[in-house]
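The residues making up each chain are set out below.
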Amino acid sequence: MRLSVKNLSAFYGKKKILHDISFPDVRGGMIVGLLGPNASGKSTLMKCLSGEKKSKGDVVFDGENLHVVGGKRWSEKVATMPQTAPAPTALTPTELMWSTARALALPYSNRELSWKIERIFDDLGLSDFQLDALHTLSGGKRQLIGLALAFIREPELLLLDEPTSALDLHWRMIVLDLVKNKVQQSGSVSIAALHDLDLAARYCDLLALMENGKVIASGTPKEVLTRDNLARVYHVKTEIDLSKHGYPRVDVIGAI
Ligand SMILES: Nc1ncnc2c1ncn2[C@@H]1O[C@H](COP(=O)(O)OP(=O)(O)OP(=O)(O)O)[C@@H](O)[C@H]1O
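Given the structure is predicted, the values throughout are model-derived calculations rather than measurements.

Calculation rules
Residues numbered from 1 in each chain as written. Predicted model: local features only at pLDDT ≥ 70, side-chain atom pairs only at ≥ 80, totals over all residues. Heavy atoms only, no water. Near = heavy atom within 4 Å. Polar contact = N/O pair within 3.5 Å; in protein donor to acceptor, adjacent residues only side chain to side chain. Areas by Shrake-Rupley, 256 points an atom, 1.4 Å probe, with all protein chains shown as cover. Helix = DSSP H or I, 4+ residues; strand = E, 2+ residues; numbered from the N terminus. Nonpolar A, V, L, I, M, F, W, Y, C, P; charged D, E, K, R; others polar. Salt bridge = Lys/Arg side-chain N within 4 Å of Asp/Glu carboxyl O. Buried < 20%, exposed > 50% of the residue type's maximum accessible area, 1.4 Å probe, protein only. Pairing = 2+ DSSP bridges. Contact = heavy atoms within 4.5 Å. Axes fitted to C-alpha atoms, helices over the stretch in contact; angles between N-to-C directions. UniProt positions renumbered as here; feature names shortened; annotations may be inferred. Core = buried A, V, L, I, M, F, W, Y, C linked by side-chain atoms within 4.5 Å.

1. Some remarks on the site of the ligand
Alright, step 1. For the ligand, the set of nearby residues contains 13 residues, the closest of which are Asn38, Ala39, Lys42, Ser43 and Thr44.
Alright, step 2. For the ligand, an oxygen atom lies 2.9 Å from a polar atom in the side chain of Asn38.
Alright, step 3. In this structure, Ala39 approaches the ligand through a main-chain N or O atom, which is 2.8 Å from an oxygen atom.
Alright, step 4. Protein contact buries 61% of the 640 Å² of open area that the ligand shows by itself.
Alright, step 5. The greatest single-element share of the shell around the ligand, amounting to three residues, is contributed by helix α1 (residues 42–50).
Alright, step 6. Here the residues of the shell around the ligand are counted per class, giving four nonpolar, seven polar and two charged.

Below you can see the structure in the form of structure tokens.
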């Protein structure tokens with residue numbers, strides 16, 4: 001599988017929000033990190049890639065162009081974990097997974113679906129909470145349920161909008177390890193908007209750094225996480241060295 005994004009632009013009303021977004025082609029098995037300050041356009045780009053928001057330009061995945069194949073066909077390949085966790089309703093995680101899978105007409109028998117849900121809940125530490133009402137669960141647990149809802153679709157393109165923002169350190173690592181394993185095993189592609197530069201450096205194969213709706217740098221973490229790029233985009237002074245595992249480690253000295 002291969003994802004190619006070239007010259008993607010998008011508008012809210014007449015205002016241009018994304019300006020000719022391009023980044024290097026993404027091969028199956030890779031995670032791409034979208035970085036950038038608030039309002040730089042990460043969520044809007046995610047919405048364009050999922051097909052939820054209209055855009056212009058070329059988005060080609062697995063040989064098919066988003067703007068040619070259109071909504072239904074595209075949405076079969078893609079699952080998004082949105083920035084906001086599922087609402088705190090009286091439904092249980094199990095009920096939500098079943099109702100979502102059946103509403104999407106996922107082609108699993110009851111036995112298969114039950115087994116898949118059990119495995120996902122087990123991976124995400126949700127098994128003990130599966131029969132609790134969502135409104136009794138913490139924000140972090142509900143964020144994990146948002147991820148479970150994306151995983152159950154077994155997408156070829158997995159879009160994660162700040163997937164670890166409500167999670168503690170332990171669960172941040174578990175979630176990104178899990179995503180890495182899933183994309184590597186299935187040859188799918190994941191794109192994740194992240195604010196945590198250390199997680200981005202550690203888990204992403206490619207990064208795209210955004211500012212005001214433009215990608216101002218893209219490439220490997222070492223290429224993108226430079227003092228100059230971070231000063232320009234985040235207005236911070238940094239020192240960058242290499243961790244013993246070989247990925248860049250950003251030490252933020254202070255605001256500029
Ligand atoms: N529904 C909307 N209507 C009009 N403008 C919008 C809408 N949603 C987002 N925007 C604008 O688009 C720009 C990009 O917003 P977006 O949410 O994509 O940024 P982001 O990088 O994901 O931000 P954050 O890190 O804060 O989540 C911002 O200027 C925002 O105000």
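2. What to know about the pattern of salt bridges
Alright, step 1. Summed over the entire model, instances satisfying the criterion amount to twelve salt bridges.
Alright, step 2. One salt bridge in this structure joins Glu64 and Arg73, with 3.3 Å as the shortest N-O distance.
Alright, step 3. Overall, the relative accessible area of 19% leaves Glu64 in the buried class.
Alright, step 4. In this structure, the salt-bridge partner of Asp205 is Lys180, at a minimum N-O distance of 3.6 Å. Taken together, the residues Asp205 in the loop between α8 (197–203) and β9 (206–211) and Lys180 in helix α7 (residues 169–186) connect sequence positions 25 residues apart.
Alright, step 5. In this structure Asp205 comes out as partly exposed when scored by relative accessible area, which is 26%.
Alright, step 6. Residue classification places Lys180 among the buried residues on the basis of a relative accessible area of 17%.
Alright, step 7. Several salt bridges share partner residues, and in doing so they unite Glu64, Lys72, Arg73, Glu76, Lys77 and Glu156 into one network.

3. Some remarks on the sheet that holds strand β4 (residues 56–61)
Alright, step 1. On the basis of which strands lie adjacent, the open sheet formed by four strands has the order β2-β1-β4-β5 and antiparallel pairing. Strands at the two margins of the open sheet, each flanked by one partner only, are β2 (15–27) and β5 (64–65).
Alright, step 2. Sheet topology note: the strand β1 (residues 2–12)/β4 ladder contains five bridges and is antiparallel. Bridging across to β4, Ser9 finds its partner in Lys56.
Alright, step 3. Of the strands in this sheet, β1, β2 and β4 are in contact with α1, which crosses β1 at around 115°.

4. Description of the UniProt feature "domain: ABC transporter" (unreviewed entry) in the protein
Alright, step 1. Listed under "domain: ABC transporter" (unreviewed entry) in the UniProt record, and renumbered for this structure, are residues 3–237.
Alright, step 2. Secondary structure content for residues 3–237 is 40% helix and 27% strand, while the C-alpha to C-alpha distance between its ends is 33 Å.

5. Side note on the nonpolar core
Soluble globular proteins tend to bury their nonpolar side chains together.
Alright, step 1. If you look at the biggest cluster of nonpolar residues, it comprises 48 residues, and the most contacted ones within it are Leu35, Met97, Leu124, Phe151, Ile152, Val179 and Leu225.
Alright, step 2. Sequence-distant contacts of Phe151, that is, excluding residues within four places in its chain, are made with Ile120, Leu124, Leu158, Leu178, Val179 and Lys182.
Alright, step 3. Phe23, Met30, Leu45 and Trp74 belong to the second-largest nonpolar core, a separate cluster that totals 28 residues.

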